[in-house]
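# Architecture and fold: a report
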Amino acid sequence: MRILGIETSCDDTCAAVVEASGGLARPRFRILSNIVSSQVKVHQKYGGVVPSLAAREHTKNIVPVLKRAFNNLKFKVQDIDLIAVTTHPGLLPALLIGIHSARTLAWYFKKPILGIDHLEAHLVANFLTQPSRQSPVASRFPAIGLIVSGGHTQLVLMKKFGQARIIGETRDDAAGEAFDKVAKMLGLPFPGGPPIAALATKVLDTGYEVRRIFPRPMIDSKDFDFSFSGLKTSVLYFLRDNPRADKARVATEFQQAVVDTLIAKTLRAAKKYRVKTVMLGGGVAANLELRRQLGERLARESPTTIYQLPSMHFALDNAAMIAATAYFHWMRGERKSWKQIRVRV
Ligand code: KG4
Ligand code: ZN
């Protein structure tokens, strides 16, 4: 089954063509194309994504991106079996561009179309590079998913795909947002995750031991919620009081505070609900220390738990994960026409 995925929820214009087979038990995804057109340069000077600018850029880029997705393929849009598009969550004006493009294609070529939850797709990204030689998908549930992106930080308990319950989320800033804001304080470019992570890697490579100069907000609270706004403020005050502080070390200390909090709550949720799998998703899932340390802690404290990670490439926003999510929904019998596809924010 050939699926065209379209994603415009934030600041990347994405289109992908994915060939899916194997059914719900052992899905296999072949990524035939995966185009991501980043708008980061447009938003960089504002230190965050500006919704109206994002919509303008998506409008400019969506057709070229769609064309590129089919560039090296031996078939055309009319040979697609299903169209998948992100309908929520995201920036309203940005989402609309992808939704209207997808609806128009579905209408014109008389194709079925499904609206996709961007956050669910971040977890499905785990399956893009984990082929079916592993245990069947159903045997990996229940699972805990940690979704950490620029806009969201959530722990979800999944009985199966499509059946997820949010058991915890951030009460203020998202994890990625905290990276972005602290990066700004440190004079690093937007988005802040990659430059902070790069500085931390350099510092840690010198053998630096983390001193825990920043708090781990809510780490001992009984619930599964997060809070990163106080941590951000601590960094701000620390920089104000220590103007000559080594920025790279501050970045390292901050990153570790976020990683510690995310790991503590994820592990506790995994134990409480006796899950078979822990999955990671979202842009912050590209963070090497989070990936490594969560893996180590799980191996030590819960060795039978499967640890599923999206490849670095598919952790960040992309449309291949949107197409793959549509496959799961399609195989469970979900059918929609273009008239039913609406933005859900
Ligand atoms: O999922 P994503 O691509 O877009 C949203 O749906 O928000 O996530 C983007 C977020 C940004 O806040 C960015 O700073 C963060 O992911 N990020 C990282 C890393 N790479 C991207 N955060 C920490 N470490 C990274 N290596
Ligand atoms: Zn995302």
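Structure first, text after, so check above.
None of these values were measured; they are calculated from a predicted model. (Residues numbered from 1 in each chain as written. Chains lettered and ligands numbered in written order. Predicted model: local features only at pLDDT ≥ 70, side-chain atom pairs only at ≥ 80, totals over all residues. Heavy atoms only, no water.)

### Here we look at the site of ligand 1
Test applied: We call a residue near a molecule or strand as soon as one heavy atom of that residue lies within 4 Å of the molecule or strand. Pairs of N or O atoms are called polar contacts if they sit within 3.5 Å, as long as, within protein, a hydrogen donor faces a hydrogen acceptor (for residues adjacent in sequence, only side-chain-to-side-chain pairs). All accessibility values rest on the Shrake-Rupley procedure with a 1.4 Å probe; residue burial counts only the protein chains present in the view. Runs of H or I in DSSP of at least four residues are treated as helices and runs of E of at least two as strands, each being numbered from the N terminus. Domain segmentation is taken from an automatic or database assignment of domains.
With respect to spatial proximity, 20 residues lie near ligand 1, and among them G150, D180, G193, G283 and N287 are the closest. Within the contact set of ligand 1, an oxygen atom lies 3.1 Å away from a backbone nitrogen or oxygen of G176. Between ligand 1 and the protein, one listed contact pairs an oxygen atom with a backbone N or O atom of G283 at 3.0 Å. In the complex, the protein chains occlude 90% of the 560 Å² of accessible area that ligand 1 would expose alone. Secondary-structure elements contributing two or more residues to the shell around ligand 1 are α4 (118-124), α5 (175-185) and α6 (193-205). For the shell around ligand 1, the domains that each give at least three residues are domain 1 (2-127 + 315-340) and domain 2 (137-309).

### What to know about the pairing of strand β7 (residues 153-160)
Basically, it comes down to this: Using a 1.4 Å probe on the protein chains alone, a residue whose accessible area is under 20% of its type maximum counts as buried, one over 50% counts as exposed, and one in between counts as partly exposed. Strand pairing is assigned whenever DSSP detects at least two bridges linking the two strands.
β7 sits mainly inside the fold: six of its eight residues count as buried. Following strand β6 (residues 143-148), the chain reverses through four residues before pairing antiparallel with β7. Pairing of β7 with strand β8 (residues 163-169), which is carried by six bridges, proceeds in the antiparallel orientation. Its bridge partner being in β8, K160 is matched across the sheet by Q163. Counting the residues in the hairpin turn of β7 and β8 gives two residues, including G162, whose phi is positive at 90 degrees.

### Structural notes on the sheet that holds strand β5 (residues 113-117)
Selection rule: Only the stretch in contact is used when a helix axis is fitted, and all axes are lines through C-alpha atoms; the angle between N-to-C directions ranges over 0 to 180 degrees. We call two residues in contact whenever any of their non-hydrogen atoms come within 4.5 Å of each other.
Across the sheet, which stays open at both edges, the five strands sit in the order β3-β2-β1-β4-β5 with mixed pairing between neighbours. Among the strands making up the open sheet, the edge pair consists of β3 (28-38) and β5. Across the sheet, the axes of successive neighbouring strands diverge by a mean angle of 20 degrees, strand direction being ignored. Note that strand β4 (residues 82-88) and β5 share five bridges and pair parallel. From the neighbouring strand, A84 faces β5, where its bridge partner is L114. On the sheet, helix α2 (residues 51-71) packs against β1 (2-7), β2 (12-21) and β3 and is oriented at approximately 30 degrees with respect to β2.

### Description of the packing of α5 against helix α7 (residues 229-241)
The following threshold applies: The scheme is simple: roughly parallel for angles under 35 degrees, roughly antiparallel for over 145, roughly perpendicular for 65 to 115, oblique for anything else.
Two elements in contact, α5 and α7, have axes separated by 10 Å at closest approach and are oriented at 10 degrees. The angle between the axes of α5 and α7 places the two elements in the roughly parallel class. Judged by residue contacts, K181, V182 and M185 of α5 engage K232, V235, L236 and L239 from α7.

### Description of the sheet that holds β7
The five strands are arranged β8-β7-β6-β9-β10 in an open sheet whose pairing can be described as mixed. Both outer strands of the open sheet, β8 and β10 (306-308), are each paired with one neighbouring strand and no more. For this sheet, the mean inter-axis angle between neighbouring strands, taken without regard to orientation, is 20 degrees. Against the sheet, helix α8 (residues 247-272) contacts β6, β7, β8 and β9 (277-281), and its axis sits at roughly 160 degrees relative to β6.

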